[in-house]
Amino acid sequence: MKYSIIIPTKNRAYCLWKAINSVLSQTYTDFELLVVDGNSTDDTTKLVNSYEDQRIRLIPNEDDNGVASARNKGIKESAGEYIGYLDSDDFVYNNWIESVDKYIISNPNKMLFMPNKNYSVKQVDDNGKLLRVFKEELLFEKPPTPGDIVNLNIQCDTNGMIHKRTVVEKMGFWNDSLKLYEDFEFLLRFVEYYPDGFQFIPEVLVSYSRVYGKNSLC
């Protein structure tokens with residue numbers, strides 16, 4: 001198996017379905033999808049178990065300590081040569097894996113692949129209903145560089161990011177002591193270990209939103 005996709009989640013069944021559907025609808029089909037659940041008390045288990053697709057697995061994370069903990073759990077349970085990430089309130093377009101795979105084949109020395117994204121800032125009410133969209137634009141207007149990552153000139157978000165499994169074997173797993181900026185810290189270490197290993201993909205392959213309101217960290 002070439003790709004393992006990890007979705008961390010907790011009490012987000014109301015939007016998780018869209019993230020799951022977007023992965024299962026990929027034109028590239030050789031992947032597994034691991035939904036790592038941090039002790040949800042809503043219908044998350046029922047939702048995931050309703051899918052009759054053997055590529056999806058629900059991974060309980062009893063020692064839930066945030067998204068970094070969930071990603072580490074997913075990596076340890078995964079079988080793919082490449083690891084991809086998606087948050088439970090976002091979604092990918094159906095050519096995401098296929099497009100990244102082409103870049104992987106044509107750039108064999110690169111270790112981490114970051115696609116462009118549609119980026120929005122939204123507000124929802126207590127029922128998850130959209131109240132307002134504050135911003136909607138491309139996340140990257142120009143190709144980001146490792147220097148942009150180090151200097152925090154870009155949104156250090158890992159939605160749609162795919163890296164080779166050997167990356168975590170060499171530099172270590174996600175820092176699960178961090179509740180915020182765990183993605184920035186992960187990419188900082190990546191740039192340190194692989195200064196020439198970053199590959200930006202200009203195609204818009206992900207819809208990434210920062211949601212303010214119900215069940216949101218914002």
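Residues numbered from 1 in each chain as written. Predicted model: local features only at pLDDT ≥ 70, side-chain atom pairs only at ≥ 80, totals over all residues. Heavy atoms only, no water.

1. So, the layout of surface pockets
Empty space within the second largest pocket amounts to approximately 420 Å³. Lining of the second largest pocket is provided by 18 residues; of these, Cys15, Lys18, Asp89, Lys122 and Val211 occupy positions nearest its centre. Those elements giving two or more residues to the lining of the second largest pocket turn out to be helix 1 (13-24), strand 6 (112-124) and strand 9 (198-212). Grouping the amino acids of the lining of the second largest pocket by side-chain chemistry returns 8 nonpolar, 4 polar and 6 charged. (1 Å grid on protein atoms, 1.4 Å probe; cavity = no way out; pocket = protein on both sides within 12 Å on 5 of 7 lines; lining within 4 Å. Points joined across faces, edges and corners; volume = space filled by probe spheres on them. Helix = DSSP H or I, 4+ residues; strand = E, 2+ residues; numbered from the N terminus. Nonpolar A, V, L, I, M, F, W, Y, C, P; charged D, E, K, R; others polar.)

2. A closer look at a nonpolar patch on the surface
Together, Leu152, Leu180 and Tyr181 give the surface a local cluster of nonpolar side chains, amounting to about 340 Å² of exposed area. Tracing the backbone shows Leu152 in the loop between helix 5 (146-150) and strand 8 (162-164). (Patch = residues over 30% accessible without salt bridge, like charges linked within 9 Å, V, L, I, M, F, W, Y side chains within 5 Å. Areas by Shrake-Rupley, 256 points an atom, 1.4 Å probe, with all protein chains shown as cover. Salt bridge = Lys/Arg side-chain N within 4 Å of Asp/Glu carboxyl O.)

3. Considering the pairing of strand 4 (residues 82-85)
Of the two faces of strand 4, the one lined by Tyr82 and Gly84 and the one lined by Ile83 and Tyr85 are each fully buried. Relative to strand 4, strand 1 (residues 3-9) is paired through 4 bridges, and the arrangement is parallel. When the sheet's bridge partners are listed, Tyr3 is paired in strand 4 with Tyr82. With 3 bridges joining them, strand 4 and strand 8 adopt antiparallel strand pairing. (Buried < 20%, exposed > 50% of the residue type's maximum accessible area, 1.4 Å probe, protein only. Pairing = 2+ DSSP bridges.)

Any functional reading would require information beyond the geometric quantities listed.
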